[in-house]
Amino acid sequence: MRYPQGGGLTAERQRFREELRLKAAERFARGEASSVIARDLRVSVRSVQRWRQMWDEGGLRALRSQGPASLPRLSEKQFAQLEAELAKGPAAHGWEDQRWSLSRVKTVIGRRFHLTYTIQGVRKLLVRNGWSCQVPARRAIERGDDVVRVGQGGGVVRGRLAAARGAWLVFEGEAGFSMTPPHARTWSQRGRTPVVRVRRRVSIAALTCYKPGHRSRLIYRPRRDDGRRDGRKSFSWRDYRDLLIAAHQQLGGPIVLVWDNLNVHKAAGLREFAEARDWLTIYYLPPYAPDLNPVEGIWSLLWRGWLSNVAFHTPEHLVQTVRHGLRHIPYRSHLIDGCLTETGLTIRPA
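Remember, predicted model here, so these are calculated numbers, not experimental data.

Student: Is there a simple way to think about the overall build of the protein chain in this case?
Tutor: Summing up its helical and strand segments, the protein chain has 13 helices and five strands in all. For the protein chain, buried positions account for 35% of its 350 residues. Restricting to contacts in the protein chain with at least 6 residues of sequence separation, those with at least 24 account for 65%. For the protein chain, the accessible surface area stands at approximately 22600 Å², while carbon and sulfur atoms represent 49% of it.

Laid out in structure tokens, this is it:
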């Protein structure tokens, strides 16, 4: 790729191209054909012909690299200072929202270093130093960074506890999959509200199970909406109890369970069940921290893989597709391990 940093070759690529030209010059002196040199050096014949012409006119000096076309206006030290200013956020510089635009970065450069940049110059400066335009991730205001650090540290400690006891570290999460179309506007006669018929949904509760020296496991249970008005559409504490019992039988060892602060997870019946089982220890994730739960990665694999671009025509088709994806993931333990890696948590054996 010729322009990997948004303008010109990098210093490494300049040296690489110079070495190619010097190798070609040695073969020019031996009288080899341009097509043979191009094939051996894996470049175009037109490039070899241009190098030959430069060599004929100026020798080896004409083939050596001339260095960068121009030096950057901001030094590495100054760009580090610019990054520190950008890390403070737009609000610290007088803007109301949290969006960094090229024009705003240009303004900060002018205020801080008294230099004038064009918009394209700012873009090339940022891209050259590893920045890119991205869609920001959303995070709840109630969740503080200090809570997240405590949660991550606690996760590592719990991982050591699970390893020391010879237990499985198990994360739990649930999600719902439905055939309900997204809300949108449609044309209809005035005074007649259009009706969109929706289908039932299926809920899945899943456990990702980790233990040093063992293959990661995925255990799940589906629950379909029975369609009754008085029927429960989500998992009850008894459903979670049965799932934990089945997981204990399949794993064959004690379990250290980590899940979120859902009301059902703190039900009195479930607490009594956990207190009466010496093989079960329960911890809770920090509030508003779904990115610390590896099960969220399992749902992402389903939505981006087996469920993407599928028009479900019956509820059975939806259930069958969800089951098809969940049956394949347990055979690919590296996917389950990747979901844990994405959270930033680690399990270290004692």
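Student: For this particular structure, what's the right way to read the pairing of strand E5 (residues 280-284)?
Tutor: For a regular strand, side chains alternate in direction, first toward one face of the sheet and then toward the other. In the sheet, strand E4 (residues 255-259) pairs with E5 via five bridges, with the strands oriented parallel. Counterpart to Val-256 in the pairing with E5 is Thr-281.

Student: Help me understand the pattern of salt bridges in this model?
Tutor: Two side chains with opposite charge may pair up if their charged atoms get near one another. Scanning all chains against the criterion turns up eight salt bridges. In this structure, Arg-30 and Glu-32 form a salt bridge, with 3.3 Å as the shortest nitrogen-oxygen distance. Residue Glu-32 is classed as partly exposed on the basis of its relative accessible area, which comes to 22%. With a shortest N-O distance of 3.5 Å, Lys-88 and Glu-85 are connected by a salt bridge. The class for Glu-85 is buried, based on a relative accessible area of 15%. A single salt-bridge network, built from bridges that share partners, covers Arg-27, Arg-30, Glu-32, Arg-39 and Asp-40.

Student: I tried to follow the pairing of E4 on my own but got confused; where do I start?
Tutor: Counting buried positions over the five residues of E4 gives five, a clear majority of the element. Regarding the hand of the β-α-β motif, the stretch spanning E4, helix H10 (residues 268-275) and E5 is right-handed.

Student: Any chance you could explain the packing of helix H6 (residues 102-113) against helix H7 (residues 119-128) here in plain terms?
Tutor: When two helices pack together, their arrangement is captured by the angle between the axes and the distance separating the axes. Contact pair H6 / H7: the axes reach a minimum separation of 9 Å and the direction vectors enclose 90°. Looking at the two axes, H6 sits roughly perpendicular to H7. Facing H6, whose interface residues are Leu-102, Ser-103, Val-105, Lys-106 and Ile-109, H7 presents Ile-119, Val-122, Arg-123, Leu-125 and Leu-126. Of the residues contributing to the contact of H6 with H7, the split by class is seven nonpolar, one polar and two charged.

Student: How should the environment of Ser-65 be read in this particular structure?
Tutor: With respect to the helices, strands and loops of the structure, Ser-65 is situated in the loop between helix H4 (60-63) and helix H5 (76-87). On the accessibility criterion, Ser-65 (30% relative accessible area) is partly exposed. Sequence separation between Ser-65 and Glu-19 is 46 residues; the distance between their C-alpha atoms is 9.4 Å. Discounting residues that sit within four places of it in the chain, Ser-65 has contacts with Gln-14, Glu-18 and Arg-21.

Student: Just checking my understanding: could you explain unusual backbone geometry for this structure?
Tutor: Apart from glycine, the bulk of residues carry a negative phi angle, and the bulk of peptide bonds sit in the trans form. For Arg-42, which is not a glycine, the phi torsion comes out positive at approximately 60°. The class for Arg-42 is exposed, based on a relative accessible area of 77%. Of note, His-114 is a non-glycine position whose phi angle comes to about 55°, a positive value. Inspection of the secondary structure assignment puts His-114 in the loop between H6 and H7.

Student: Looking at this model, I keep getting lost on the packing of helix H9 (residues 237-251) against H10. Mind explaining?
Tutor: Between H9 and H10, whose axes approach to 9 Å, the crossing angle comes to 25°. One way to sum up the angle between H9 and H10 is to call them roughly parallel. Pair H9 / H10 crosses with right-handed handedness. Along the contact surface, H9 presents Trp-237, Tyr-240, Arg-241, Leu-244 and Ile-245, while H10 presents Gly-269, Leu-270 and Phe-273. Taken together, the residues of the contact of H9 with H10 break down into six nonpolar, one polar and one charged.

Cut-off values and rules
Residues numbered from 1 in each chain as written. Predicted model: local features only at pLDDT ≥ 70, side-chain atom pairs only at ≥ 80, totals over all residues. Heavy atoms only, no water. Helix = DSSP H or I, 4+ residues; strand = E, 2+ residues; numbered from the N terminus. Buried < 20%, exposed > 50% of the residue type's maximum accessible area, 1.4 Å probe, protein only. Contact = heavy atoms within 4.5 Å. Areas by Shrake-Rupley, 256 points an atom, 1.4 Å probe, with all protein chains shown as cover. Pairing = 2+ DSSP bridges. Salt bridge = Lys/Arg side-chain N within 4 Å of Asp/Glu carboxyl O. Right-handed = clockwise from strand over helix to strand, strands pointing away. Axes fitted to C-alpha atoms, helices over the stretch in contact; angles between N-to-C directions. Parallel < 35°, antiparallel > 145°, perpendicular 65-115°, else oblique. Nonpolar A, V, L, I, M, F, W, Y, C, P; charged D, E, K, R; others polar. Left-handed = near helix turned anticlockwise from the far one by under 90°.

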